[in-house]
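Chain by chain, the residues:
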Amino acid sequence: MTHKAFKIKTMTRSELDLAVAWAAQEGWNPGLHDADSYYKADPNGFLMGYLGDEPIACISVIKYDSSFGFLGFYIVKPAYRGQGYGMQMWQAGLHYLEGCNIGLDGVVEQQQNYKKSGFKLAYGNIRFTSNTSDFVHANKTLDVAEAIHFVPLAEIPFATLDAYDRAFFPAARSEFTQQWITQKDSHAVGVLQEGVLSGYGVIRSTQDGYKIAPLFADTPELAEPLFLHLISLVEANATVFLDVPNVNEAALDLVKRFAMTPCFETARMYTGDAPNLPLSKTFGVTSFEIG
């Protein structure tokens with residue numbers, strides 16, 4: 001029997017669609033159009049492993065700049081697990097991000113393995129889910145202050161949004177953000193308080209319903225109406241998801257208030273010190289895959 005060589009190469013844009021399909025099979029519920037935005041973040045940051053001519057493994061290692069990167073999409077096809085291919089992908093990914101503080105959102109049961117590679121736990125993220133129909137009454141009765149206005153992000157100068165978003169991430173990600181807020185099958189909304197951008201959110205179609213990501217707001221009093229407004233923009237009787245940092249007590253209060261159910265959890269880890277980010281204003285994470 002001929003031994004097939006294992007080789008690792010940078011993904012093409014079409015190969016990234018395959019990686020997203022694998023993520024869907026793993027139950028990670030990616031967005032329908034995520035690949036376009038992810039590829040904008042770093043076209044060189046997606047690796048595919050081939051055994052002969054068959055793609056069997058992938059990893060994303062987005063290098064945002066020379067100091068920060070994010071690792072995700074770490075998948076080996078089930079038939080090829082436990083044979084060392086995943087470790088080769090892992091090592092290739094870490095080599096690409098050499099010199100960076102690397103972040104990841106890993107499944108909780110793999111924390112110890114990630115620690116062996118130098119990652120340290122920062123906090124957890126919890127995915128909550130519910131049905132959009134559960135929010136109809138709440139959205140109609142919520143008393144929104146007159147000074148608060150919802151505006152499609154398309155009507156806000158991108159430089160204004162980009163400057164606001166910059167505080168929530170360890171590195172610049174302008175090209176990704178511009179693509180993310182304009183993707184198909186989504187709604188991107190800013191909340192203005194007395195005319196000043198004070199939060200924004202995106203709700204997009206996923207493999208199984210809709211996901212609000214991100215949900216940023218300066219205060220809980222702004223986060224809740226923005227959250228409900230985003231839900232009101234999609235059809236009733238659909239599943240909705242929100243990924244919440246477990247260190248944001250106001251965000252946990254929000255999902256509990258509307259009886260959302262936890263369904264998945266990750267460990268946010270970094271190889272260096274955890275970036276000083278405004279987690280008290282982060283009510284929904286942008287992406288487990290690329291940060």
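Keep in mind it's a predicted model, so treat the numbers as computed, not measured.

## Examining the overall build of the protein
Move 1: Secondary structure assignment for the protein yields 9 helices and 13 strands.
Move 2: For a compact globule of 291 residues, the expected C-alpha radius of gyration is about 19 Å, and the protein comes in at 19 Å, within 12% of that figure.
Move 3: Considered along the principal axes of its C-alpha atoms, the protein spans approximately 70 × 40 × 35 Å.
Move 4: Counting across all 291 residues of the protein, residues that qualify as buried make up 53%.

## Here's the deal with the environment of A167
Move 1: Here A167 lies in the loop between α6 (158–166) and α7 (174–180).
Move 2: Linking A167 and V196, residues 29 residues apart in sequence, is a C-alpha distance of 16 Å.
Move 3: Sequence-distant contacts of A167, that is, excluding residues within four places in its chain, are made with L277 and P278.

## Regarding helix α9 (residues 249–257)
Move 1: Within α9, the full set of buried residues consists of A251, L252, L254 and V255. Along the long axis of α9, the arc covered by the buried residues comes to 155°, so they all point the same way. Of the residues in α9, the exposed ones pointing more than 90 degrees away from the buried face are E249 and K256.
Move 2: Elements in contact with the buried residues of α9: β6 (120–131), α8 (220–232), β11 (239–245) and β13 (282–284).

## Remarks on the packing of aromatic side chains
Move 1: The tally for this structure, following the rule as stated, stands at 21 aromatic pairs.
Move 2: Here W90 and F119 contribute two aromatic rings whose centre-to-centre distance is 5.7 Å and whose plane-to-plane angle is 55°, an arrangement assigned as tilted. With W90 in helix α3 (residues 85–96) and F119 in the loop between α4 (111–116) and β6, the pair connects residues that are 29 residues apart, well separated along the chain.
Move 3: What makes W90 buried here is its relative accessible area of 4%.
Move 4: Among the aromatic residues, those joined into a ring-pair cluster are Y38, F73, F176 and W180.
Move 5: Taking the ring centre of Y96 as reference, the NZ or CZ of K63 above it sits at 4.6 Å.

Thresholds, definitions, all that
- Residues numbered from 1 in each chain as written.
- Predicted model: local features only at pLDDT ≥ 70, side-chain atom pairs only at ≥ 80, totals over all residues.
- Heavy atoms only, no water.
- Helix = DSSP H or I, 4+ residues; strand = E, 2+ residues; numbered from the N terminus.
- Rg over C-alpha atoms; globule rule 2.2 N^0.38 Å.
- Buried < 20%, exposed > 50% of the residue type's maximum accessible area, 1.4 Å probe, protein only.
- Contact = heavy atoms within 4.5 Å.
- Arc of directions from axis to C-beta.
- Phe/Tyr/Trp six-rings, centres within 6.5 Å; stacked < 30°, edge-to-face > 60°.
- Lys NZ or Arg CZ within 6 Å of the ring centre and 35° of its normal.

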